[in-house]
Amino acid sequence: MRDVVRFINPYDPGLFPEDFPDKEVVNLSSNENPYEPSEEVREAYLRAVKYIPRYPKADYARLKKALAEYTGFEVENIAVGCGASELISCICNVLLEELDRVVIPMPSYTLYSIYAMLRSASISFPVFEGYRVDPDVIAEERPKLVFLCSPNNPTGNSLSREIVQKVAESAEYVVLDEAYVEFSDDSKIEMVRDYNNLIVLRSFSKFFGLAGMRVGYAVCSAEIAEAIEKVRLPFGISYPAVETAIAALNSLDYYKKVRDRIVRERERLIEKLKEIEWLEVYPSDANFVLVKANKEGVVEKLAEKGFIVRDASVMGLEGLYIRITVGKREDNDRLIEALREI
Ligand SMILES: *Cc1c(COP(=O)(O)O)cnc(C)c1O
């Protein structure tokens, strides 16, 4: 086995409802969308059942065409993958040679480091004052690849255009992970037109609520998109996944309404959380809220009360940080009650 594999900690997905077989639990840990799929998505899924025995067409031309219309980019600028997760792996595979410098500002999504490590890259994990990315410090590292995330998981804050621009001007390649961007309306995707080293990652898992379907896409230069397409799994996105993703793009009005509900609920949840004196609550542009708990064992105590939240220390935050997904109104209210009882 390769030595590097021994150094990689497995991706930690946190607790899942399946870990509590005898209990009714609410999962506020994985930033899933708590609402039902649109009628159109549901029908597309059922129609796709008869294609289960078949391989999907490996060029995913229909999905890419729908994404081109949705994003305003050309089909050539789009690569698709089995979730944004597969694209992170593909990007590392096509860009990184051994010991290439990779910068991952912390705290951030843990998957970047796993795939960069597998390429035997030389990775630095700078932690900035107030977790605000400092592009000048990144530039000093002369990076081959920088992973940025906006809104950032787990802090929930967005990067400014200026910061992304500065990083794009100093690094050879930049990934800008916009898995949560639809909750913020602050996308930098148009910058791909000016920076051919910028790769914007998107996912169907959060805003479109298709986490179980596994569909993601990258918007980038035609050259990078073509390279990613060469190395991704040929049939990684299943037929039902393709059909539900296209149907989701066709029911945008529904998902925008769902989004508005989540955003309103997020602000309400933040206000309620602030009333709990042992919590420090951070603002969020995503569908989750980061809190610092000035009390031990909160994750475990909430689990006993039927709520799974994410311990954010695994994502590079030192201390008792917890990431809470914005749930449905009644679940958020019950969560607040459970927190008050602790
Ligand atoms: C959830 C998430 C993804 C991955 O999404 P998939 O499309 O489900 O693989 C990527 N990046 C960040 C920051 C995420 O939180």
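Please read all numbers here as calculations on a predicted model, not as lab measurements. The numbering scheme is per chain: residues are counted from 1 as the chain's sequence reads. Per-residue local features of the predicted model are confined to residues with pLDDT of at least 70, and side-chain atom pairs are confined, for both listing and counting, to 80 or more; whole-chain, interface and lining totals are unaffected and use all residues. Each side-chain value is derived from all of the structure's non-hydrogen atoms; neither hydrogens nor water enter the calculation.

### Examining the pattern of salt bridges
Spelled out, the test is: Take a side-chain nitrogen of Lys or Arg and a carboxyl oxygen of Asp or Glu: if they are within 4 Å of each other, that pair is a salt bridge. Categorising residues by exposure relies on relative accessible area from a 1.4 Å probe, with only protein chains included: less than 20% of the type maximum marks a residue as buried, more than 50% marks it as exposed, and the intermediate range marks it as partly exposed.
If you walk through the whole model with that rule in mind, you get 21 salt bridges. Of the charged contacts, one joins Lys 188 and Asp 186 as a salt bridge, the two residues approaching to 3.4 Å between their closest N and O atoms. The exposure class assigned to Asp 186 is partly exposed, which follows from its relative accessible area of 33%. With a shortest N-O distance of 2.6 Å, Glu 229 and Arg 232 are connected by a salt bridge. The burial state of Glu 229 is the same as that of Arg 232; both residues are buried. Among the ionic contacts, a cluster of salt bridges with common partners joins Glu 265, Arg 268, Arg 329 and Asp 333.

### Some points on a negative patch on the surface
What counts, and what does not: Patch membership is restricted to residues that have no salt bridge and whose relative accessible area is over 30%. Joining uses 9 Å for like charges and 5 Å for the nonpolar side chains Val, Leu, Ile, Met, Phe, Trp and Tyr. Using the Shrake-Rupley algorithm and a 1.4 Å probe, accessible areas are obtained, with residue cover drawn only from the displayed protein chains. Asp and Glu are treated as the negative residues and Lys and Arg as the positive ones, with His and the ends of the chain left uncounted. Where a charge lies is defined by one atom per residue type, namely NZ (Lys), CZ (Arg), CG (Asp) and CD (Glu). Each helix is a run of DSSP H or I of at least 4 residues and each strand a run of E of at least 2, with the numbering of both proceeding from the N terminus.
A cluster of acidic side chains, namely Asp 12, Glu 300, Glu 304 and Asp 311, defines a negative patch on the protein surface. Looking at the secondary structure, you find Asp 12 in the loop between α1 (3-7) and β1 (26-28).

### Here we look at the site of the ligand
Note the following rule: Residue proximity to a molecule or strand is established when one non-hydrogen atom of the residue lies within 4 Å of it. Any N or O atom pair separated by 3.5 Å or less is treated as a polar contact, with the protein-specific requirement of one donor-capable and one acceptor-capable atom, and with residues adjacent in sequence counted only for side-chain atom pairs. Detection works on a 1 Å grid of protein atoms alone, calling trapped sets that fit a 1.4 Å probe cavities and calling open sets with protein on both sides within 12 Å along at least five of seven lines pockets, with lining residues defined by an atom within 4 Å of a point. Criterion for pocket placement: a molecule counts as inside a cavity or pocket if more than half of its atoms are within 2 Å of its grid points. Each residue is assigned to one of three groups, with Ala, Val, Leu, Ile, Met, Phe, Trp, Tyr, Cys and Pro labelled nonpolar, Asp, Glu, Lys and Arg labelled charged, and all others, Gly among them, labelled polar.
Among the 14 residues in the neighbourhood of the ligand, the closest are listed as Ser 85, Asp 177, Tyr 180, Ser 205 and Lys 206. In the environment of the ligand, an oxygen atom lies 2.9 Å from a nitrogen or oxygen atom belonging to the side chain of Asn 153. Surface burial for the ligand is 94%, taken as the share of its 380 Å² of free accessible area covered by protein chains. According to the grid-proximity analysis, the pocket containing the ligand is the largest pocket. With three residues, the single largest contributor to the shell around the ligand is helix α4 (residues 83-95). Residues belonging to the shell around the ligand are distributed by class as follows: six nonpolar, five polar and three charged.

### So, the packing of aromatic side chains
Rule in force here: Whether two aromatic rings pair depends on their centres lying within 6.5 Å, for rings of Phe, Tyr and Trp, where Trp uses its six-membered ring; planes under 30 degrees apart make the pair stacked, over 60 edge-to-face, and the rest tilted. Charge-over-ring contacts are defined here by two conditions on Lys NZ or Arg CZ: a distance within 6 Å of the ring centre and an angle within 35 degrees of the ring normal.
Evaluated as defined, the whole model comprises 15 aromatic pairs. Here Phe 208 and Tyr 255 contribute two aromatic rings whose centre-to-centre distance is 5.4 Å and whose plane-to-plane angle is 75°, an arrangement assigned as edge-to-face. Separated by 47 residues along the polypeptide, Phe 208 in the loop between β7 (198-203) and β8 (216-219) and Tyr 255 in helix α10 (residues 252-274) bring together distant segments of the chain. Phe 208 sits in the buried class, given a relative accessible area of 1%. An aromatic cluster is present here, built from Tyr 70, Phe 183, Phe 204, Phe 207, Phe 208, Tyr 217, Tyr 254 and Tyr 255 joined pairwise through their rings. Note that Arg 193 overlies the ring of Phe 73, its terminal NZ or CZ placed 3.9 Å from the centroid. Its end group placed over the ring of Tyr 35, Arg 261 keeps NZ or CZ at 4.8 Å from the ring centre.

### Quick look at a nonpolar patch on the surface
Side chains of Tyr 45, Leu 46, Val 49 and Ile 52 sit close together on the surface and give an oily, nonpolar patch of about 420 Å² of accessible area. By the secondary structure assignment, Ile 52 is in the loop between α2 (39-48) and α3 (61-71). Judged by relative accessible area, which is 58%, Ile 52 ranks as exposed.

### A closer look at the nonpolar core
Note on soluble globular proteins: their nonpolar side chains tend to be buried together. Basically, it comes down to this: Think of a nonpolar core as a cluster: buried Ala, Val, Leu, Ile, Met, Phe, Trp, Tyr and Cys residues, connected wherever their side-chain atoms sit within 4.5 Å. Should any heavy atoms of two residues lie within 4.5 Å, those residues are counted as being in contact.
Ranked by internal contacts, the top residues of the largest apolar core, which has 80 residues, are Leu 63, Leu 273 and Leu 339. Top element by residues in this core is helix α9 (residues 239-250). It accounts for seven residues. The contacts of Leu 63, once residues within four sequence positions are left out, are Val 80, Val 215, Ile 237, Val 242, Ala 245 and Ile 246.

### Some words on the sheet that holds strand β10 (residues 288-293)
Here is the rule: Between any two strands, pairing holds if DSSP finds at least two bridges. Here the axes come from fitting lines to C-alpha atoms, over the contacting stretch only for helices, and the angles between their N-to-C directions go from 0 to 180 degrees.
If you walk across this open sheet you meet the five strands as β1-β11-β12-β10-β9, and the pairing is mixed. Each edge of the open sheet carries a strand with a single partner, namely β1 and β9 (279-281). On average, each strand axis in the sheet is tilted by 35° relative to the strand beside it, whichever way the strands run. With five bridges connecting them, β10 and strand β12 (residues 321-325) associate as antiparallel partners. Bridge pairing in β12 links Val 289 to Ile 324. α10 contacts β9, β10 and β12 of the sheet and is inclined by roughly 10° relative to β10. Together, β1, β9, β11 (307-311) and β12 form the strand contacts of helix α12 (residues 329-341), whose direction differs from that of β11 by roughly 75°.

### Re the environment of Ala 293
Position of Ala 293 among the secondary structure elements: in strand β10. Measuring from C-alpha to C-alpha, the distance between Ala 293 and Phe 307 comes to 16 Å, with 14 residues separating the pair along the chain. Leave out the neighbours within four places in its chain, and Ala 293 touches Trp 278, Leu 279, Val 298, Leu 320 and Ile 322.

### A look at the packing of α4 against helix α8 (residues 222-231)
Two quantities define a packed helix pair, namely the angle between the helix axes and the distance between the axes. Quick reminder of the rule: Under this scheme an angle from 65 to 115 degrees is roughly perpendicular, one under 35 degrees roughly parallel, and one over 145 degrees roughly antiparallel; angles in between are oblique.
Axis separation between α4 and α8 bottoms out at 9 Å; the angle between their running directions is 105°. Considered as vectors, α4 and α8 are oriented roughly perpendicular to each other. For the pair formed by α4 and α8, the contact residues are Leu 87, Cys 90, Ile 91 and Val 94 on the first element and Ala 227, Ile 228 and Val 231 on the second. Classifying every residue of the contact of α4 with α8 gives seven nonpolar, no polar and no charged.

### Thoughts on α12
The condition is simple: A helix is expected to span 1.5 Å for every residue after the first. The arc in question is the one traced by the directions running from the helix axis out to the C-beta atoms.
Its 13 residues place the ends of α12 19 Å apart at the C-alpha level, agreeing with the 18 Å of an ideal helix rising 1.5 Å per residue. Three or more residues of α12 are buried, namely Asp 331, Asn 332, Leu 335, Ile 336, Ala 338 and Leu 339. Viewed along the axis of α12, the buried residues span an arc of 160°, placing them on a single side of the element. Buried residues along α12 sit in contact with β1, α10, β9, α11 (298-304), β11 and β12.

In short, the description is geometric, and any link to function would need to be established separately.
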